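Structural overview for review
So the chains spell out like this:
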Amino acid sequence: MNTGPTGLWTWTQRFTVASVGSFVGSLLALLGGANKVAVLIGVFGFVCPMVFGMAYLLLPSYVGKTLVDQRLAGIHFGLAYVGVSLLVADQFVTAGILLRPLGVTLWTTGVLIFVGSLLATVGPAAVGTVAGTLGGSGRSQRSTRLATAMIPVAVCYLLVGTVALLMTVAPLGIGTVTVAQVTHYYLTGFATLLIYALGMRLLTAFFHVSLPRPVVWIVLVAGALAPAFLGTFLWIDPWFRVGGVFATLAMLGYAALVLFVILKTNRRRVGVSGIALGAIAGGTAVVSVVPVAFGFGDPISLAVHRTLILAGFFPLTIVGYAYLFFPITGGQFTGANPRAARVTIALLGAGVAVQSVGVALQYEPVRVIGILGSVIGAIGCGYLLGCRFVNG
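Quick caveat, the model's predicted, so the values are computed rather than measured. (Residues numbered from 1 in each chain as written. Predicted model: local features only at pLDDT ≥ 70, side-chain atom pairs only at ≥ 80, totals over all residues. Heavy atoms only, no water.)

On the surface, a nonpolar cluster with roughly 490 Å² of combined accessible area is contributed by I218, V245, L249, F294 and F296. Tracing the chain through its elements places F296 in the loop between α9 (272-293) and α10 (300-325). (Patch = residues over 30% accessible without salt bridge, like charges linked within 9 Å, V, L, I, M, F, W, Y side chains within 5 Å. Areas by Shrake-Rupley, 256 points an atom, 1.4 Å probe, with all protein chains shown as cover. Salt bridge = Lys/Arg side-chain N within 4 Å of Asp/Glu carboxyl O. Helix = DSSP H or I, 4+ residues; strand = E, 2+ residues; numbered from the N terminus.)

Let us look at the packing of aromatic side chains. Counted under the stated rule, the structure contains 26 aromatic pairs. The interplanar angle of 50 degrees and the centroid separation of 5.2 Å between the aromatic rings of F77 and Y81 together place this pair among those described as tilted. Of the two residues, F77 and Y81 are both situated in helix α3 (residues 71-90); the distance of four residues between them amounts to about one turn of the helix. Under the relative-accessibility criterion, F77 is labelled buried at 18%. A ring pair is formed by F206 and F325, whose centres lie 5.4 Å apart and whose planes are at 85 degrees; its orientation type is edge-to-face. (Phe/Tyr/Trp six-rings, centres within 6.5 Å; stacked < 30°, edge-to-face > 60°. Buried < 20%, exposed > 50% of the residue type's maximum accessible area, 1.4 Å probe, protein only.)

The next thing to look at is the pattern of salt bridges. One pass over the structure, following the stated rule, counts two salt bridges. A salt bridge links D237 to R241, with the shortest nitrogen-to-oxygen separation between them at 3.4 Å. One salt bridge in this structure joins E364 and R367, with 2.8 Å as the shortest N-O distance. Of this pair, E364 and R367 both sit in helix α12 (residues 364-391), three residues apart, which is roughly one turn of that helix.

Once that is clear, we can look at the packing of α10 against α12. Close contact between α10 and α12 brings their axes to 11 Å; oriented N to C, the two are set at 20 degrees. In terms of their interaxial angle, α10 and α12 are classed as roughly parallel. You can see that α10 and α12 cross each other, and the crossing is left-handed. Between α10, through V319, A322 and Y323, and α12, the contact on the second element is made entirely by C381, L384 and L385. Along the lines of polarity and charge, the residues of the contact of α10 with α12 split into six nonpolar, no polar and no charged. (Axes fitted to C-alpha atoms, helices over the stretch in contact; angles between N-to-C directions. Parallel < 35°, antiparallel > 145°, perpendicular 65-115°, else oblique. Left-handed = near helix turned anticlockwise from the far one by under 90°. Contact = heavy atoms within 4.5 Å. Nonpolar A, V, L, I, M, F, W, Y, C, P; charged D, E, K, R; others polar.)

Let us now look at the environment of Y56. Here Y56 shows up in helix α2 (residues 35-62). Along the chain, Y56 and G331 lie 275 residues apart, while their C-alpha atoms are 23 Å from each other. Here Y56 is in contact with L8, F15, L67, L72, A73, H76, I113, F114, S117 and L118, once residues within four sequence places are set aside. There is a polar contact of 2.9 Å between the side chain of Y56 and the side chain of H76. (Polar contact = N/O pair within 3.5 Å; in protein donor to acceptor, adjacent residues only side chain to side chain.)

Here we come to the nonpolar core. Formed by 127 residues in total, the largest nonpolar core has its most connected members in W107, Y254, F314 and Y323. The residues touching Y254, leaving out its near neighbours within four places in the chain, are I195, Y196, M200, V219, I275, A279, F313, T317 and Y321. By size, the runner-up hydrophobic cluster in this structure holds six residues, among which are A226, L230, L234 and A247. (Core = buried A, V, L, I, M, F, W, Y, C linked by side-chain atoms within 4.5 Å.)

Bringing unusual backbone geometry into the picture now. Cis peptide bonds are those with omega within 30 degrees of zero, and the linkage from D237 to P238 qualifies with 5 degrees. Topologically, P238 is positioned in the loop between α7 (213-232) and α8 (239-264). Not every positive phi belongs to a glycine, and W235 is a case in point at roughly 60 degrees. If you trace the backbone, W235 turns up in the loop between α7 and α8.

Another aspect to go through is the side chain of S356. By the secondary structure assignment, S356 is in helix α11 (residues 338-361). Using a relative accessible area of 9% as the deciding quantity, one classes S356 as buried. At a separation of 2.8 Å, a polar atom in the side chain of S356 contacts the main-chain carbonyl oxygen of V352. Among residues more than four places away in sequence, those in contact with S356 are V304, T307 and L308.

We now examine the side chain of S374. Inspection of the secondary structure assignment puts S374 in helix α12. Aside from chain neighbours lying at most four places away, what touches S374 is L27, L347, L348, G351, V352 and Q355.

As structure tokens, this is what we get:
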């Protein structure tokens, strides 16, 4: 096992490929009518591992540090995917009463390794920026400091979500925590908040555009507050509605920042279309579900919301940033060109759009066509990224 920077890069690549494969698996589960399994694979096999892999690579460098021990990423990789496999198997094996507790235990161990290694590396620098953010000096750097300060907040949500996950398993389960609360902590609190925090710097670094400070602060502050209300007070008014408002402000603000960057820059990098479509999908997702939170919407809106988040916001955003970090044109293989990358993004975007229409209209053939489009797009992304890693 490699222990240097190259080894860490390798494990990030493996997290990336495994995550894309899991996304395909979640889509196939949808085709088979296993919606709960699809969500399980999407959250624990696709979104979280992809964020883990990128976080191992990005967060230490974000504060000018090196991960305390690169081997930990490899150990975490094994624990995460064995744990996910057991959780999925538990959905099919009625007699496997130990599968879920064992899967949760392995997953939790991996999370603890992730949190421990990153906090030892990033924690002191991130926490130390809070005073500078709130203080009176360096006004021009406050947005950057606030984004850095969101890193430990996102990690805390990961820990809270993991504790909630443990509480869903007997004998720890006390009947007051649901899997839906866990997914809100993981997706809204951990993954989305990290996308916001890292996106503030990445958008500036890749496209050399200064972001409007008030919007950045709205995105980060609202994005940090929303998961506490959504996860803790799921469907409990008025606090759940407050969380919905915060989540909507954060996502719409993020979408506005992405579109602002696209309008201001003349750099047409491969991947920017994925980030833009992901932001649009995320904005549409939160707007579609706000009426439900206030008691005015159709319950079908919840299904549309889930589709836009799990098949739109996360995959398009992740693939967009992945193409920026791992340029396809840097490889020597069939399809190593911007056009192929854009085709995969277009397929993912069209796929989630058609899926959403099918879900909204409750017309299964349209939904299936959309899922198939997303599957083809995801397989294409996996091919391009896999070949890039092998030949890069």
